[in-house]
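One letter stands for each residue in the lines below.
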Amino acid sequence: MNLNCPVCDSKHSYLFLERKNTPIFQNIIIPDQSVATQLKDGKISLLACQECGFVFNGDFNENKIIYNQAYENCQFHSNYFNNYVSGLIEYLLEEYKIRNSRIIEIGCGQGEFLKKLVENPKYGNYGFGFDPSYRGEDILFDGRLSFQKDYYSEKYIDIDADIIVCRHVIEHISDPLMLLGNIRKALRNPKETILFFETPCINWILENHVFWDFFYEHCSYFNMNSILTAFSSSGLTIRQINHIFEGQYLWAEAAFDSGTGNRITQEPFCWREFKQVIDNFVKVENLMVNNWRNKISALHQRNYKVAIWGAGAKGVTFANLIDPNCNLINCAIDINPNKQGNYIPGTGHLITNVESAVRKGGTHAIIMNPNYMSEIQEILALKNIDLKLIKLM
Ligand SMILES: [Zn+2]
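Residues numbered from 1 in each chain as written. Predicted model: local features only at pLDDT ≥ 70, side-chain atom pairs only at ≥ 80, totals over all residues. Heavy atoms only, no water.

Participant: Just to check I follow, could you spell out the environment of phenylalanine 147 for this structure?
Facilitator: Within the fold, phenylalanine 147 resides in strand β7 (residues 145-148). Judged by relative accessible area, which is 4%, phenylalanine 147 ranks as buried. Among residues more than four places away in sequence, those in contact with phenylalanine 147 are Cys108, Gly111, Leu114, Lys115, Gly129, Tyr134, Glu137, Asp138 and Leu140. (Helix = DSSP H or I, 4+ residues; strand = E, 2+ residues; numbered from the N terminus. Buried < 20%, exposed > 50% of the residue type's maximum accessible area, 1.4 Å probe, protein only. Contact = heavy atoms within 4.5 Å.)

Participant: Looking at this structure, how should I read the sheet that holds strand β3 (residues 55-57)?
Facilitator: Adjacent strands of a sheet form backbone hydrogen bonds with each other and so pair up, either parallel or antiparallel. Strand order in this open sheet of 4 strands is β1-β2-β3-β10, and the pairing throughout is antiparallel. The open sheet has two edge strands with one neighbour each: β1 (13-22) and β10 (220-221). Summarising the sheet, β1 and strand β2 (residues 42-49) pair through 7 bridges and their orientation is antiparallel. From the neighbouring strand, arginine 19 faces β2, where its bridge partner is isoleucine 44. (Pairing = 2+ DSSP bridges.)

Participant: Where do I start with the packing of aromatic side chains in this structure?
Facilitator: For any pair of aromatic rings, the description consists of the separation of the ring centres together with the inter-plane angle of the planes. Going through the model one piece at a time under the given rule, you end up with 29 aromatic pairs. Plain terms: the ring middles of phenylalanine 214 and phenylalanine 281 are 5.5 Å apart, the flat faces sit at 85° to each other, and that makes the pair edge-to-face. With phenylalanine 214 in the loop between α5 (202-207) and β10 and phenylalanine 281 in helix α7 (residues 271-301), this pair connects stretches of sequence that are 67 residues apart. Given the relative accessible area of 1%, phenylalanine 214 is considered buried. Between tryptophan 271 and phenylalanine 274, the aromatic rings sit 6.3 Å apart at their centres with planes inclined by 65°, giving edge-to-face as the arrangement. A residue pair is termed a helical-turn pair when its members lie 3 or 4 positions apart in one helix, as tryptophan 271 and phenylalanine 274 do in helix α7 at 3 residues. Following the ring pairs from residue to residue traces out a cluster consisting of Tyr80, Phe81, Tyr84, Phe245, Tyr249 and Tyr372. A cation over an aromatic ring shows up here: arginine 167 above the ring of phenylalanine 113, its NZ or CZ 4.3 Å from the ring centre. (Phe/Tyr/Trp six-rings, centres within 6.5 Å; stacked < 30°, edge-to-face > 60°. Lys NZ or Arg CZ within 6 Å of the ring centre and 35° of its normal.)

Participant: Would you mind showing me how to read the coordination of the zinc ion here?
Facilitator: Reference values for coordination geometry: four tetrahedral donors around a metal ideally subtend 109.5 degrees, six octahedral donors ideally subtend 90 or 180 degrees. For the zinc ion, the full set of protein donor atoms is Cys5 (SG), Cys8 (SG), Cys49 (SG) and Cys52 (SG), at a range of 2.3 Å. Metal-centred angles of 99 to 118° between the 4 donor atoms at the zinc ion mark the site as tetrahedral. Residue class for cysteine 5 comes out buried when judged on its relative accessible area of 2%. The class of cysteine 52 is buried, set by a relative accessible area of 2%. (Donors = N, O, S within 2.8 Å, 3.2 Å for Na, K, Ca; no water. Tetrahedral: all angles 85-135°; square planar, octahedral: opposite > 155°, others 65-115°.)

Participant: Would you mind showing me how to read the pattern of salt bridges here?
Facilitator: Opposite charge on two side chains lets them pair, provided their charged atoms get close. Summed over all chains, the structure comprises 13 salt bridges. The salt bridge partner of aspartate 162 is arginine 102, with a shortest N-O separation of 3.3 Å. Of this pair, aspartate 162 sits in the loop between β7 and β8 (163-167) while arginine 102 sits in strand β4 (residues 102-106), and the two are 60 residues apart along the sequence. In this structure, aspartate 279 engages lysine 275 in a salt bridge whose closest nitrogen and oxygen atoms are separated by 2.8 Å. Taken together, the residues aspartate 279 and lysine 275, both in helix α7 and 4 residues apart, mark about one turn of the helix. Its relative accessible area of 22% is what places aspartate 279 among the partly exposed residues. On the basis of relative accessible area, lysine 275 is assigned to the partly exposed category, the value being 28%. (Salt bridge = Lys/Arg side-chain N within 4 Å of Asp/Glu carboxyl O.)

Participant: Is there a simple way to think about the sheet that holds strand β11 (residues 237-244) in this case?
Facilitator: Read across the sheet, 8 strands follow the order β6-β7-β5-β4-β8-β9-β12-β11 without closing on themselves; strand pairing throughout is mixed. The open sheet has two edge strands with one neighbour each: β6 (139-140) and β11. The pairing of β4 with strand β5 (residues 126-130) spans 5 bridges and is classified as parallel. The residue of β5 that forms the bridge with isoleucine 103 is glycine 127. Of the strands in this sheet, β9 (194-200), β11 and β12 (249-255) are in contact with helix α6 (residues 224-233), which crosses β11 at around 155°. (Axes fitted to C-alpha atoms, helices over the stretch in contact; angles between N-to-C directions.)

Participant: Would you explain the UniProt feature "domain: C-methyltransferase" (unreviewed entry) in the protein in this entry?
Facilitator: In the UniProt entry, the feature "domain: C-methyltransferase" (unreviewed entry) is given for residues 288-378. The straight-line gap between the two end C-alpha atoms of residues 288-378 is 28 Å; of that span, 40% is helix and 16% is strand. (UniProt positions renumbered as here; feature names shortened; annotations may be inferred.)

Participant: Whenever I open this one, the nonpolar core confuses me. Can you help?
Facilitator: Formed by 89 residues in total, the largest nonpolar core has its most connected members in Phe211, Phe231 and Phe318. At 10 residues, the largest contribution of residues to this core is made by α7. Setting aside residues up to four positions removed in sequence, phenylalanine 211 forms contacts with Arg19, Phe281, Glu285, Met288, Val289, Trp292, Thr317, Phe318, Leu321 and Ile322. Judged by nonpolar contacts, the second largest core, of 45 residues, contains Cys74, Tyr91, Ile333 and Leu389. (Core = buried A, V, L, I, M, F, W, Y, C linked by side-chain atoms within 4.5 Å.)

Participant: So what exactly am I meant to see when it comes to the environment of asparagine 342 here?
Facilitator: Its location among the elements puts asparagine 342 in the loop between β14 (329-333) and β15 (351-352). A relative accessible area of 8% means that asparagine 342 is categorised as buried. Put simply, asparagine 342 and alanine 332 are 10 residues apart on the chain and 9.9 Å apart in space, counted from C-alpha to C-alpha. If we skip the residues at most four places from it in the chain, asparagine 342 touches Ile29, Ile30, Pro31, His349, Leu350 and Ile351. A distance of 3.1 Å separates the side chain of asparagine 342 from the backbone oxygen of asparagine 338, its partner in a polar contact. (Polar contact = N/O pair within 3.5 Å; in protein donor to acceptor, adjacent residues only side chain to side chain.)

Structure follows, in structure tokens:
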């Protein structure tokens, strides 16, 4: 196990969570149930660095993770998510005034975010998306937007980017400093380039006891302090950092200007306080897992059929922790049609649409991410479907 902090190299790390037999991938299309149930050879040993607060999986093996076109993590079927992303796009285009710029998106998925940044020709922006899991057309918008089914690297220095967008990528990388160093090497004018990063906030997970938000794909978890430490060690100055998405994510704006730009003042990191947050989480984690298992089991015994709503990383992790043998939870509901008809990695629960879940007798659904509660209520009202919704938090 790696005990040294990949961000600050401190040897003082604190092991607080261990899980065996977890699925390697959470967001992967698996049309075969027996294949799905075999995909659970991941080991998670989460360590918190006592010097900088970075949290990492000391047993992460990057050779196990290969992102390809079976990777499916599109959230744009949700109106709530679309509105959230539209807010970010508006901020970048209207408040940040991104015009006539060459924008690179690292880990662009199916390109939805980048398309929104580039689609309006009046802004004169050009987009270059990088993602090995990209499945769409290579060129769009009369050549103003192009995609490479590849990782971004020095090979693409000719693009001469003005803007880098890197959303929900850095938490998948076991050596975040290497990622930041590689980005710098791939930029012709690193001092002129503005970088935008989005990543989950570890403090939100710990403070809200979201035990179903720790999973193998995410080997690196940041808070304000560790992201500032990682960026400053890489020659990046953070110009702004905020919590977004109801506090679940961190949004950081940075530049490789070696401290000459506006600098965020960094509060000294307090290990004692962070350890308290971790220990509070650890204290309730097993209790919460058992409580949920008992609660679902009690409904099951009364012949109710319980689904989880959301077959993304949170839903997959919840199913694996609560019902690893697939005999309590009936199915997983997801509005992404690309996921429907496939199976949850590790457990083999069927992923389906809400109509089908109810047709097969579904009576209850547990909501995996509280941000989607109102949208789910609206969907049920619109479709006139009677399903009792259960909040996880
Ligand atoms: Zn550290």
